Amino acid sequence: MQLETTLSEVESRLKDVGAALLETDALAVERTAPLLRQAALELSQALQKIPRPTELPADIQRRIQAIRSQLSQQREHLARLSALTERQVATLLPPQEASTYGNGAPARSGGAARIYRSQG
């Protein structure tokens, strides 16, 4: 059954991404996340081809629900890691004040622009 194979693939990819997230291994997350996304897309397409998904066997429905739950948990975990990383970067590199005009360089001394200064 193609659905069985697709479910197994998604479950395997979920484990890979989950392990990379737990290890906070950014390179592994970058490598495994697209594979999970592709497997999840294939599962979604396979489920759309089923005329009555509510009539799937109970074990298949349970596995699909477990996948939903794990995806949600991984999404939350990734959001937490992202927020933590942003805080850590902010402590190392404080944000610069945005300037409205110019490139943010300090203004030249002398106040008024040169064209308004007196010639004498």
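Whatever comes next refers back to the structure up there.
Residue positions are counted from 1 within each chain, in the order its sequence is given. With pLDDT at 70 or above as the cut-off, local features in this predicted model cover only qualifying residues; side-chain atom pairs require 80 or more to be listed or tallied, and sums for whole chains, interfaces and linings still use all residues. Excluded from the side-chain calculation are hydrogens and water; included are all heavy atoms of the structure.

A. Structural view of the overall build of the protein chain. The helix and strand tally for the protein chain stands at 3 helices and 0 strands. Along the protein chain, from the amino end to the carboxyl end, the secondary structure elements read α-α-α. Here the protein chain, with 120 residues, has 20% of them falling under the buried criterion. Taking contacts inside the protein chain between residues at least 6 apart in sequence as the whole, the part at least 24 apart equals 67%. Methods summary: accessible areas were calculated by the Shrake-Rupley approach with a probe of 1.4 Å, and residue burial reflects only the protein chains presented. Carbon and sulfur atoms make up 54% of the accessible area of the protein chain, which amounts to about 9,800 Å² in all. Under the scheme used here, helices are H or I runs from DSSP no shorter than 4 residues and strands are E runs no shorter than 2 residues, and both carry numbers assigned from the N terminus. When a residue's accessible area, from a 1.4 Å probe over protein chains only, is under 20% of the maximum for its type it is buried; when over 50% it is exposed; and in between it is partly exposed. Contacts are residue-level and defined by heavy atoms, with any inter-residue pair within 4.5 Å sufficient.

B. Examining the nonpolar core more closely. Among the nonpolar cores identified, the biggest contains 19 residues, and Leu3, Leu7, Val10, Leu43, Leu47 and Leu56 are the most heavily contacted of them. Those elements that provide at least two residues to this core are α1 (2-22), α2 (26-48) and α3 (58-92). For this analysis, a nonpolar core means a set of buried residues of the types Ala, Val, Leu, Ile, Met, Phe, Trp, Tyr and Cys, connected via side-chain atoms within 4.5 Å.

C. Molecular detail of the packing of α1 against α3. Between the N-to-C directions of two axes lies an angle of 0 to 180 degrees, each axis being a line fitted to C-alpha atoms and, for a helix, fitted only over the stretch in contact. Packing of α1 against α3 brings their axes to within 10 Å, and their N-to-C directions diverge by 25°. It follows that α1 is roughly parallel to α3 by the angle criterion. The handedness of the crossing between α1 and α3 is left-handed. The residues of α3 that touch α1, namely those facing Leu3, Glu4, Leu7, Ser8, Val10, Glu11, Leu14, Val17, Gly18, Leu21 and Leu22, are Ile60, Arg63, Ile64, Ile67, Gln70, Leu71, Gln74, His77, Leu78 and Leu81. For the contact of α1 with α3, the residue count by class is 13 nonpolar, 5 polar and 3 charged. Should an angle lie under 35 degrees it is considered roughly parallel, over 145 roughly antiparallel, and from 65 to 115 roughly perpendicular; all remaining angles are considered oblique. Note on convention: the crossing is left-handed when the near helix lies turned anticlockwise from the far helix by less than a right angle, right-handed when the turn is clockwise. Polar here means any residue other than Ala, Val, Leu, Ile, Met, Phe, Trp, Tyr, Cys and Pro, which are nonpolar, and Asp, Glu, Lys and Arg, which are charged; Gly is therefore polar.

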